[in-house]
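Okay, here's what each chain looks like letter by letter:
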Amino acid sequence: MFQPTDEQVAILEAFRTGGDMVVEAGAGTGKTRSIQMLAESDPNVQVQFCAFNKSVIVDATERMPANTTCNTVHSLAFRSAGTPFARRLNSARMPGRELARRLGVTGLKIGEKWLSDAYLASLATRGAVRFCQTADPEPAEHHIPYVDGIDEPENGKRGWRHNRQLRAYLVPFMAKVWEDATNPGGELPYRHDFYVKLAQLRGMHIAADVVMVDEAQDISPVFAAIVEQQRAHAQIVAIGDGNQAIYGFTGALDYLQQLDAQHRLALSQSFRFGPAIADLANELLAELPTELRLRGLASIPSRIAAVDAPDACLYRTNAGAVGELIRLMEAGVSAHLVGGANDVVSFARAAADLIDGRRTSHQELACFESWFEVQDYVKSDAMGDEIKLLVGLIDRFGPAMIINALERMPGEKVAKVVLSTGHKSKGRQWPQVRLGGDFPDDLALMADEEIRLMYVAVTRAQLVLDPRLVGCLSAESMAASRLSRGVAAPLPVAA
């Protein structure tokens, strides 16, 4: 029989007041069981559980009581505003030049760079998609993605002169994309983001007494706006771990901080791992503006130790994970890369085009006329850091080997070891985990989002964590970090 912890009892008591709630659920602290407990507490209350991940919804549907409906955000938005656009979701892909023709986009010379009509049309479309992920009322210049390679750095920072010119040119075409997206009879490619934005702009209504939002530390502004629209008639329960907010670079926000809630509570007792891993996680949490500290379960004999045959290896970057995939394949070890493979394959194919003297329409490389120009860019331009690791991967192994490795890799269920980035590992767990060597070296110099990513990676392990290759988790880095905080010894785990 389920016996709630004192923290879960406090959460239940707060829930029964009907006030909006934020629940900070640390790694492995029984978040799903706590959500189920709240839903079961009153069978007469209609609960809507929301998440972005379809697998989370499938799992929740099997666990939740009859008074709870479980849906992805997209399915709720489709029901509200997407039905008239159902036919358009199945439309065929449209070549870039045809998209440019329908929008009226022509090629443009910006500075010394010639940008094709197809590439510019794709930028206008990406701008419309970015707009749809915000809470903004209409498309604007700042929704157009920044284009690398057309501006020289200014005082060591990103240059903007040519990008401003480009944005001013593209705004009318972005507006055309959005106008088409609001027309059920439109002709351009249609995306799920469009009906979600339309639902938000129309004031989407969720018919429920309680709206529960999972992983609320990493939601898009448009979804946050939809949740805010429900506060007039529903109790809001936002659940997540702000210390696992690692998608800020995509524009995601931490709704746990944004929600003006009457109750703020926490789950700190982890059921995933024991004290040794909790202690290391708490060292990272001490670097962040949070009061949360984890308690490991004493009955789980977790260790920080070397692992020769890990169940999973976690990396900071796709480049690090792909490099390990190729190494393992050459050693005869079957390995599977979780997510990200398609992005790396498309980058490798674009690199192959440039190496062979052909232009590419790939969004990261379209502004370059040769692979040498890309190599020079990542060496000389501070902004090149964003693709530097992938460029290094191409130079080390070559596009053909990378594509071959990713297309030949076995499925996860039959692979001997799972490889993943820290981002893709979120929500997962493995008995034995080894961390890759592409994380930063100095904990004291890391930005908060990097520390949060490290915290996510560390807390994926259940029994054994091997951090030997990670500089920021070395004894020296930890000691320097403690010294900077005025802490002389490892932090004790909260009682």
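Whatever comes next refers back to the structure up there.
Summarised in this report is the structure supplied together with it. (Residues numbered from 1 in each chain as written. Predicted model: local features only at pLDDT ≥ 70, side-chain atom pairs only at ≥ 80, totals over all residues. Heavy atoms only, no water.)

**Comments concerning the overall build of the protein**
Spelled out, the test is: In this description a helix means any DSSP run of H or I spanning at least four residues, a strand means any run of E spanning at least two, and both kinds are numbered starting from the N terminus. A simple rule labels every residue: compare its accessible area, found with a 1.4 Å probe on the protein chains alone, to the largest value its type can have, and call it buried under 20%, exposed over 50%, or partly exposed in between. By definition, residues are in contact when any of their heavy atoms lie within 4.5 Å. Using a 1.4 Å probe, the Shrake-Rupley method yields the accessible areas, and only the shown protein chains count as cover for residues. For the charge count, each Lys or Arg is scored as positive and each Asp or Glu as negative, with His and the chain ends excluded. A single reference atom marks each charge: NZ on Lys, CZ on Arg, CG on Asp, CD on Glu.
Within the protein one finds 20 helices and 14 strands. Projected onto its principal axes, the C-alpha coordinates of the protein cover approximately 65 × 55 × 45 Å. For the protein, the residues scored as buried account for 52% of the 495 residues in total. Contacts spanning at least 24 positions in sequence make up 74% of the contacts within the protein whose residues lie at least 6 apart. For the protein, the exposed surface amounts to about 22500 Å²; the carbon and sulfur share of it is 51%. Within the protein, one finds 51 positive and 60 negative side-chain charges whose respective centroids are separated by 4 Å.

**Some details on unusual backbone geometry**
A positive phi angle is found at Glu-215, which is not glycine, with a value near 50 degrees. Structurally, the position occupied by Glu-215 is in the loop between strand 6 (210–213) and helix 10 (221–228).

**Here's the deal with the nonpolar core**
One recurring pattern in soluble globular proteins: nonpolar side chains tend to sit buried together. Applied cut-off: Definition used in this section: a nonpolar core is a set of buried Ala, Val, Leu, Ile, Met, Phe, Trp, Tyr and Cys residues joined via side-chain atoms within 4.5 Å.
Grouped together as the largest cluster of nonpolar side chains are 62 residues, with contacts concentrated most on Leu-103, Leu-166, Phe-194, Phe-223 and Tyr-255. Here this core takes nine residues from helix 7 (residues 117–132), the largest share from any one element. Excluding residues within four positions of it along the chain, Leu-103 makes contact with Ala-121, Phe-173, Lys-176, Val-177 and Leu-188. Formed by 36 residues, the second largest nonpolar core is a distinct cluster that contains Tyr-315, Val-378, Ile-387 and Ala-405.

**Comments concerning the packing of helix 1 (residues 6–15) against helix 2 (residues 31–40)**
For the record, the criterion: Axis geometry follows a simple rule: fit a line to the C-alpha atoms, using only the stretch in contact for helices, then measure angles between N-to-C directions, giving values from 0 to 180 degrees. Left-handed describes a crossing whose near helix is turned anticlockwise from the far helix by less than a right angle; the clockwise case is right-handed. Following the grouping adopted for this structure description, the nonpolar residues are Ala, Val, Leu, Ile, Met, Phe, Trp, Tyr, Cys and Pro, the charged ones are Asp, Glu, Lys and Arg, and the polar ones are all others, Gly among them.
Two elements in contact, helix 1 and helix 2, have axes whose closest approach is 10 Å; the angle formed by their N-to-C orientations is 40 degrees. In this structure, helix 1 crosses over helix 2, and the sense of that crossing is right-handed. Each of Gln-8, Ile-11, Leu-12 and Phe-15 in helix 1 lies in contact with helix 2, whose residues at this interface are Ser-34, Met-37 and Leu-38. Partitioning the contact of helix 1 with helix 2 into residue classes produces five nonpolar, two polar and no charged.

**Considering helix 9 (residues 192–201)**
By the criterion of burial, helix 9 is predominantly enclosed, with seven of the ten residues buried. Structurally, helix 9 contributes buried residues whose contacts are with helix 4 (73–82), helix 5 (86–89), helix 7, helix 8 (161–181) and helix 10. Looking one or two residues beyond helix 9, the residue adopting positive phi is Gly-203, at roughly 80 degrees.

**Topic: the sheet that holds strand 1 (residues 21–25)**
Quick note on the threshold: A pair of strands counts as paired when DSSP detects no fewer than two bridges linking them.
Reading across the sheet, the six strands line up as 3-2-6-7-1-8 and stay open at both edges, with parallel pairing between neighbours. Of all strands in the sheet, those with a lone pairing partner are strand 3 (68–72) and strand 8 (263–267), marking the two edges. Mean inter-strand twist for the sheet, computed between neighbouring axes without regard to direction, equals 20 degrees. One ladder, built from four bridges, connects strand 6 with strand 7 (residues 235–240); its direction is parallel. Residue Val-211 lies in a different strand from strand 7, and its bridge partner there is Ile-236. Where helix 1 meets the sheet, its contacts fall on strand 1, strand 6, strand 7 and strand 8, and the angle it forms with strand 8 comes to roughly 155 degrees.

**Considerations on the environment of Pro-95**
Position of Pro-95 relative to the elements: it lies in the loop between helix 5 and helix 6 (96–103). Pro-95 gets classed as exposed once you look at its relative accessible area, which sits at 55%. Taking the C-alpha atoms as reference points, Pro-95 and Lys-157, 62 residues apart in sequence, are found 35 Å from one another.

**What about the pattern of salt bridges?**
A side chain of one charge can pair with a side chain of the opposite charge when the charged atoms of the two come close. Operational definition: We count a salt bridge whenever a side-chain nitrogen from Lys or Arg sits within 4 Å of a carboxyl oxygen from Asp or Glu.
Under the counting rule described, the total for this entry stands at 24 salt bridges. Of the charged contacts in the structure, one is a salt bridge between Arg-295 and Glu-7, with a shortest N-O distance of 3.5 Å. Taken together, the residues span a long stretch of sequence, with Arg-295 in the loop between helix 12 (275–285) and strand 9 (303–304) and Glu-7 in helix 1 at a distance of 288 residues. Looking at Arg-295, the relative accessible area reads 22%, which means it is partly exposed. One salt bridge connects Arg-358 with Asp-353, and the closest N-O pair in it is separated by 2.7 Å. What you see here is one network of salt bridges that share partners, running through Lys-31, Asp-214, Glu-215, Asp-218 and Lys-426.

**So, the packing of helix 13 (residues 318–330) against helix 17 (residues 399–408)**
Heads up, the condition is: Angle categories are assigned with fixed cut-offs, so that under 35 degrees is roughly parallel, over 145 is roughly antiparallel, 65 to 115 is roughly perpendicular, and the rest are oblique.
Between helix 13 and helix 17, whose axes approach to 10 Å, the crossing angle comes to 75 degrees. The orientation of helix 13 relative to helix 17 falls into the category roughly perpendicular. Residue-level inspection shows Val-322, Leu-325, Ile-326, Met-329 and Glu-330 of helix 13 in contact with helix 17, the latter providing Met-401, Ile-402, Ala-405, Leu-406 and Arg-408. In terms of residue class, the contact of helix 13 with helix 17 is built from eight nonpolar, no polar and two charged.

**Quick notes on the sheet that holds strand 9**
With parallel pairing, six strands are arranged side by side in an open sheet as 9-14-13-10-12-11. Looking at which strands have only one partner, the edges of the open sheet turn out to be strand 9 and strand 11 (335–337). Of the pairings in the sheet, the one linking strand 10 (residues 312–315) to strand 13 (residues 430–435) comprises three bridges and is parallel in character. Along strand 13, the bridge assignment pairs Ala-312 with Val-433.

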